[in-house]
Amino acid sequence: MDTKPQGGAKASGLLLAIILVGQFLAILNVNIVNVATPTIEADLHSSGAGLQMIVAGYTIVYAVMLITGARVGDLFGYRNAFLGGLAAFTVTTLAAGLAPSTGWLVAFRLLQGAGAALMMPQVLTLIQRNYQGAARGRAIGLWSLTVSGGIVVGQALGGILLGFGAGWRIVFLVLVPISALLLATGFRVLPADEGGGRTGLDPWGLVTLSAAVLLFVVPLVLGRDLGWPLWGWISMGLSVVTFGAFVRIERWVTARGGRPLVDARVLRAPGMRPGLAILLFGPATWGAYLFTSALHLQGDLHLTPLASGMMLVPCALAFGLVGLLWPRLPIQLQRPLVPFGYVVAAPAYIGLGLAADGGIMYAIMSALIGAGLGVQIAVTNMATERVDGAYAADASGALLTVMQLGQVIGVSTVGTLFITLSQGHAAVSASLGAAIAMAGLAVLAGLSSIFLVRRRVPSHA
């Protein structure tokens, strides 16, 4: 039986609309800036390193602070954390649009990432705590559609705005009135809550996990453009050691009766561990696809940013459509369709590589990829359906962090392969090589999903 948030159906719809629009703006901000980098370079005379940090700084801070953002919501209330993150995002977006130099723009982008990291975990947490059954399936479907939509709209909107000759500042400033209106509405509409009723921030766990993610993400984000320097490999090795230290610290905190940053009961929840594996490999293929397709469409096929963004529309629509239809399927079909999705996506990646010249076949393969990866909405729902509501923030932080790491891994590894193959080889060879790698990641996600769907779930779940 479906349950609704306090306030009835109207409050339910408003709550979902507000938090999803906030998520949409945060994701839009990543992709809309990617399109504007050439004009930023020309106007601010940015160095290569400066441009990298303008684009990547947001992603780095966001990835590092997701778990922290989830815990802040647990401590101070999910409404307060969401609105606080949205307020920070709004102010720093305005500041970025008015930045007088590359240094200031990098600084404001880092702060933007912090605001997004505070806001975004609350979205999934509020869905977990306020929706159950089919209602939650539909809400998570819309959540995932918002993610894919933000990516495509960001690419297309950036191309449209720059096509009018408005300059790079408009890609930031256009978001400010929307964010401000959303903030004002959120203060009036979002229901108050007391968070998860948990105390303590687990500072040792917070420091070690943040350090581990930072040591891992920075070399992956910057290493490709810097030629994979030695310090990057050392940093990734240290990240493994630091992750091990984090696990030991969390066990120590638990043994002393404290509140660990990620409670072990979340990871022991049925479906959570295979769900995390799937949400590492699946988003890795997604991030790699978006990155390599942009390079191929704009670099090899010489499409404009707007036309390149339009080529992603079939994928995004199919992705969202599967997410919306999945909860409406008979319960007997919902679980088996998860591995089937990756069975569809893997050969579709190969087909995309073979259709590198574009055209109708490229669009068909793109749609099949989106339809196959659309089952990730089901994965998110199934991974969290048995997590106690008191630990919803822990689950949100863990899932979002793993998904973000997966995208970074996909972009850095498959992106490097694509760029390497592009040097001295035909565009078709580079696209096919990257496609084979993405298909391999989809196969790993599909194999992991078998362990998720084999789990039996009570009929009321």
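Residues numbered from 1 in each chain as written. Predicted model: local features only at pLDDT ≥ 70, side-chain atom pairs only at ≥ 80, totals over all residues. Heavy atoms only, no water.

Trainee: How should the overall build of the chain be read in this particular structure?
Mentor: Helices and strands together make up the secondary structure of the chain, namely 19 helices and zero strands. Computed over the C-alpha atoms, the radius of gyration of the chain is 21 Å, within 12% of the 23 Å expected from 2.2 N^0.38 for a compact globule of 461 residues. If you line up the chain on its principal axes, its C-alpha atoms span 55 × 50 × 45 Å. Of all 461 residues assigned to the chain, the portion counted as buried reaches 54%. Put simply, of all contacts in the chain between residues at least 6 apart along the chain, 85% involve residues at least 24 apart. As displayed, the chain has an accessible area near 18600 Å², and 70% of this comes from carbon and sulfur atoms. Averaging the positions of the 25 positive and the 15 negative side-chain charges in the chain gives two centres separated by 10 Å. (Helix = DSSP H or I, 4+ residues; strand = E, 2+ residues; numbered from the N terminus. Rg over C-alpha atoms; globule rule 2.2 N^0.38 Å. Buried < 20%, exposed > 50% of the residue type's maximum accessible area, 1.4 Å probe, protein only. Contact = heavy atoms within 4.5 Å. Areas by Shrake-Rupley, 256 points an atom, 1.4 Å probe, with all protein chains shown as cover. Lys, Arg positive; Asp, Glu negative; His and termini not counted. Charge placed at Lys NZ, Arg CZ, Asp CG, Glu CD.)

Trainee: Help me understand helix α4 (residues 102–130), please; the structure alone is not making it clear to me.
Mentor: Along an α-helix, residues three or four positions apart point the same way, because every turn accommodates 3.6 residues. Taking 1.5 Å of rise per residue, the 29 residues of α4 would be expected to cover 42 Å, and the 42 Å separating its terminal C-alpha atoms lies within 8% of that figure. Counting buried positions along α4 gives 22 out of 29 residues, so the element sits mostly inside the fold. (Expected span 1.5 Å × (residues − 1).)

Trainee: Just checking my understanding: could you explain the packing of aromatic side chains for this structure?
Mentor: The way to describe two aromatic rings as a pair is by their centre distance and the angle between their planes. Summed over all chains, the structure comprises six aromatic pairs. Seen in terms of ring centroids, Trp104 and Phe108 are 5.7 Å apart; in terms of plane orientation they differ by 25 degrees. Their pairing is stacked. Here Trp104 and its partner Phe108 are both found in helix α4, four residues apart, which amounts to about one turn of the helix. For Trp104, a relative accessible area of 49% translates into the label partly exposed. We classify Phe108 as buried; its relative accessible area is 18%. When the ring of Trp286 is compared with that of Phe319, the centres are 5.2 Å apart and the planes differ by 25 degrees; the resulting orientation is stacked. (Phe/Tyr/Trp six-rings, centres within 6.5 Å; stacked < 30°, edge-to-face > 60°.)

Trainee: What am I meant to see in a nonpolar patch on the surface here?
Mentor: A cluster of nonpolar side chains, Val443, Leu444, Leu447, Ile450 and Phe451, forms an exposed patch at the surface whose accessible area comes to about 450 Å². For Ile450, the location among the structural elements is in helix α19 (residues 427–453). (Patch = residues over 30% accessible without salt bridge, like charges linked within 9 Å, V, L, I, M, F, W, Y side chains within 5 Å. Salt bridge = Lys/Arg side-chain N within 4 Å of Asp/Glu carboxyl O.)

Trainee: Any chance you could explain the environment of Gly13 here in plain terms?
Mentor: Along the polypeptide, Gly13 turns up in helix α1 (residues 8–44). On the basis of relative accessibility, which here comes to 40%, the residue Gly13 falls in the partly exposed class. Separated by 126 residues in the primary sequence, Gly13 and Ala139 have C-alpha atoms spaced 9.7 Å apart.

Trainee: Explain the confidence of the model for the chain here, please?
Mentor: As a note on interpretation, predicted positions should not be read in detail where pLDDT is low. Looking at the chain, the pLDDT average stands at 82 and 92% of residues meet or exceed 70. Ranking the helices and strands of the chain by mean pLDDT puts helix α3 (residues 78–97) first, with 94, and helix α12 (residues 305–311) last, with 75. (pLDDT = per-residue confidence, 0-100.)

Trainee: Honestly, unusual backbone geometry in this entry has me stumped. Any pointers?
Mentor: With the exception of glycine, most residues fall at negative phi, and the peptide bonds are largely trans. The backbone of His45 shows a phi angle near 55 degrees, a positive value even though the residue is not glycine. Inspection of the secondary structure assignment puts His45 in the loop between α1 and α2 (48–76). In this structure, Trp228 takes a positive phi of about 50 degrees despite not being glycine. Positionally, Trp228 belongs in the loop between α8 (203–222) and α9 (230–255). Classification of Trp228 by relative accessible area gives partly exposed; the value is 24%.

Trainee: Explain the packing of helix α11 (residues 272–300) against helix α18 (residues 392–422) here, please?
Mentor: Working note: a packed helix pair is described by the angle between its axes plus the distance between those axes. Two elements in contact, α11 and α18, have axes whose closest approach is 6 Å; the angle formed by their N-to-C orientations is 40 degrees. It follows from the interaxial angle that α11 and α18 lie oblique. Regarding α11 and α18, the two cross each other, and that crossing is right-handed. (Axes fitted to C-alpha atoms, helices over the stretch in contact; angles between N-to-C directions. Parallel < 35°, antiparallel > 145°, perpendicular 65-115°, else oblique. Left-handed = near helix turned anticlockwise from the far one by under 90°.)

Trainee: Hey, could you run me through the packing of helix α15 (residues 337–354) against helix α16 (residues 360–373) in this one?
Mentor: At a minimum axis separation of 8 Å, α15 and α16 run at an interaxial angle of 155 degrees. Here α15 lies roughly antiparallel to α16, going by the angle between them. Remark: the crossing between α15 and α16 carries left-handed chirality. Along the contact surface, α15 presents Gly341, Tyr342, Val344, Ala345, Ala348, Tyr349, Gly351 and Leu352, while α16 presents Tyr362, Met365, Ser366, Leu368, Ile369, Gly372 and Leu373. Residues that form the contact of α15 with α16 fall into these classes: 11 nonpolar, four polar and no charged. (Nonpolar A, V, L, I, M, F, W, Y, C, P; charged D, E, K, R; others polar.)

Trainee: Got a minute to help me understand the environment of Met438 in this structure?
Mentor: Tracing the backbone shows Met438 in helix α19. Excluding anything up to four places from it in sequence, Met438 contacts Thr285, Ala288, Tyr289, Thr292, Tyr349 and Val414.

Trainee: Help me understand the nonpolar core, please; the structure alone is not making it clear to me.
Mentor: Grouped burial of nonpolar side chains is what soluble globular proteins tend to show. Counting residues in hydrophobic clusters, the biggest one holds 90 residues, and the most contacted among them are Ile19, Phe82, Ile127, Trp143, Met272, Tyr289 and Tyr349. Sorting elements by how many residues they give to this core places α11 first, with 10 residues. The contact partners of Trp143, leaving out residues within four places of it in the chain, are Leu20, Gln23, Val123, Leu124, Ile127, Thr380, Leu400 and Met403. Counting 19 residues, the second largest nonpolar core, distinct from the first, contains Val217, Leu220, Val221 and Leu222. (Core = buried A, V, L, I, M, F, W, Y, C linked by side-chain atoms within 4.5 Å.)

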